[in-house]
Amino acid sequence: RRHSRFYVINVVCIMFALSLLGLLAYAMPVDDVASRVNTILTLILTSVAFKFILASSLPKVPYNTLLDYHVLYSMVILVLTCFLSVVPLFLPKLVSDERVTTEIVNYAAAGITATLVLVLFMAWTARALFIVHRGTAAMKDVTAARTIPVLPKKNWYAFRFYAVPHFLKPENEKM
């Protein structure tokens, strides 16, 4: 059984922090699109490198784990942040309304990004808690159901399963 606290602190919190750092792009001047995009692309590159490191430290399974989905969601949020960080420069030029300024569009894009980050993080956390709670309840039921009564005057055999078959182990090593 794995301890989830390690993964929550070392994976989930770091990816959440990277997603929040994407909001710093909206604090930069709207006219400086190159710095905004450069900052977010650096965060995307960091999250891709983090994903490779994470993949090498987790066991290989044929399906996506909950951590894989969290990292993927965080990367999608960063890509959306990259697109939304360019919108405040071009949208006021496309709209003929004078009330639509670059500052208002910048605040709206920052609000949309912050909402996405927080909603997806809370949804992932709720899903993880549900799975963990359901898993511990199911394990209690399975453990209780697998109790085998020992009947008197019956022949019982014990089997031990090892990761390496006994004939491949060195002769001096005990099982």
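Summary of the structure given here. (Residues numbered from 1 in each chain as written. Predicted model: local features only at pLDDT ≥ 70, side-chain atom pairs only at ≥ 80, totals over all residues. Heavy atoms only, no water.)

Describing empty space enclosed by the protein
Summed over the entire model, instances satisfying the criterion amount to one cavity of 30 Å³ or more. Taken together, F16, S19, H70, Y73, S74, I77, V117, L120 and F121 make up the lining of the largest cavity. Sort the elements by how many residues they give to the lining of the largest cavity and helix α3 (residues 66-94) lands first, with four residues. Its residues placed into classes, the lining of the largest cavity shows six nonpolar, three polar and no charged. (1 Å grid on protein atoms, 1.4 Å probe; cavity = no way out; pocket = protein on both sides within 12 Å on 5 of 7 lines; lining within 4 Å. Points joined across faces, edges and corners; volume = space filled by probe spheres on them. Helix = DSSP H or I, 4+ residues; strand = E, 2+ residues; numbered from the N terminus. Nonpolar A, V, L, I, M, F, W, Y, C, P; charged D, E, K, R; others polar.)

Re the packing of helix α1 (residues 4-21) against α3
It is the contact of α1 with α3, at a shortest axis distance of 9 Å, that shows an interaxial angle of 10°. Between α1 and α3, the angle falls in the class roughly parallel. Here α1 contributes Y7, V11, V12, M15, F16, L18 and S19 to the contact with α3, which in turn contributes L67, H70, V71, S74, M75 and L78. Here the contact of α1 with α3 is composed, by residue class, of 10 nonpolar, three polar and no charged. (Axes fitted to C-alpha atoms, helices over the stretch in contact; angles between N-to-C directions. Parallel < 35°, antiparallel > 145°, perpendicular 65-115°, else oblique. Contact = heavy atoms within 4.5 Å.)

Here we look at the side chain of S74
Structurally, the position occupied by S74 is in helix α3. Of the residues examined, S74 reaches a relative accessible area of 4% and is grouped as buried. (Buried < 20%, exposed > 50% of the residue type's maximum accessible area, 1.4 Å probe, protein only.)

Here we look at the packing of α1 against helix α2 (residues 33-57)
At a minimum axis distance of 10 Å, the contact between α1 and α2 shows a crossing angle of 170°. On the basis of their axis angle, the class for α1 and α2 is roughly antiparallel. Facing N10, V11, I14, M15, L18 and L21 of α1, the residues of α2 in contact are L43, T46, S47, F50 and L54. Across the contact of α1 with α2, the residue classes break down as eight nonpolar, three polar and no charged.

Observations concerning the side chain of H70
Turning to its location among the elements, H70 is positioned in helix α3. Residue H70 is classed as buried on the basis of its relative accessible area of 3%. Beyond its immediate stretch of four places on either side in the chain, H70 contacts V12, M15, F16, F121 and W124.

Regarding the nonpolar core
Within the largest apolar cluster, 23 residues are counted, with the highest numbers of intra-cluster contacts made by V11, M15, L67 and V71. At the level of elements, α1, α2, α3 and α4 (102-145) are the ones that each hand at least two residues to this core. For M15, the residues in contact, after removing those within four places along its chain, are S47, F50, H70, V71, S74 and M75. (Core = buried A, V, L, I, M, F, W, Y, C linked by side-chain atoms within 4.5 Å.)

Describing α2
Given 3.6 residues per helical turn, the α-helix brings residues three or four places apart onto the same face. An ideal rise of 1.5 Å per residue puts 36 Å on 25 residues; α2 measures up with 36 Å between its terminal C-alpha atoms. If you check which residues of α2 are buried, you get V33, R36, V37, I40, L43, I44, S47, F50 and L54. (Expected span 1.5 Å × (residues − 1).)

So, the pattern of salt bridges
Tallying each qualifying case throughout the model produces one salt bridge. Across the salt bridge formed by K51 and D68, the nearest N and O atoms sit 2.8 Å from each other. Taken together, the positions of K51 in helix α2 and D68 in helix α3 put the pair 17 residues apart, joining distant regions of the chain. Classification of K51 as partly exposed rests on a relative accessible area of 26%. (Salt bridge = Lys/Arg side-chain N within 4 Å of Asp/Glu carboxyl O.)

Things to note about α3
Taking 1.5 Å per residue, 29 residues should reach 42 Å; α3 reaches 41 Å between its end C-alpha atoms and fits that length. If you look at α3, its biggest bend is around 45°, right at P88. (Bend = angle between axes of the 7 residues up to and from the residue.)

Concerning a nonpolar patch on the surface
Judged by side-chain polarity, Y69, L72, Y73, V76, L80, I112 and L116 come together as a nonpolar surface patch covering roughly 570 Å² of accessible area. Those elements giving two or more residues to the nonpolar patch turn out to be α3 and α4. The element that contributes the greatest number of residues to the nonpolar patch is α3, accounting for five residues. Mapped onto the fold, Y69 is located in helix α3. On the accessibility criterion, Y69 (34% relative accessible area) is partly exposed. (Patch = residues over 30% accessible without salt bridge, like charges linked within 9 Å, V, L, I, M, F, W, Y side chains within 5 Å. Areas by Shrake-Rupley, 256 points an atom, 1.4 Å probe, with all protein chains shown as cover.)

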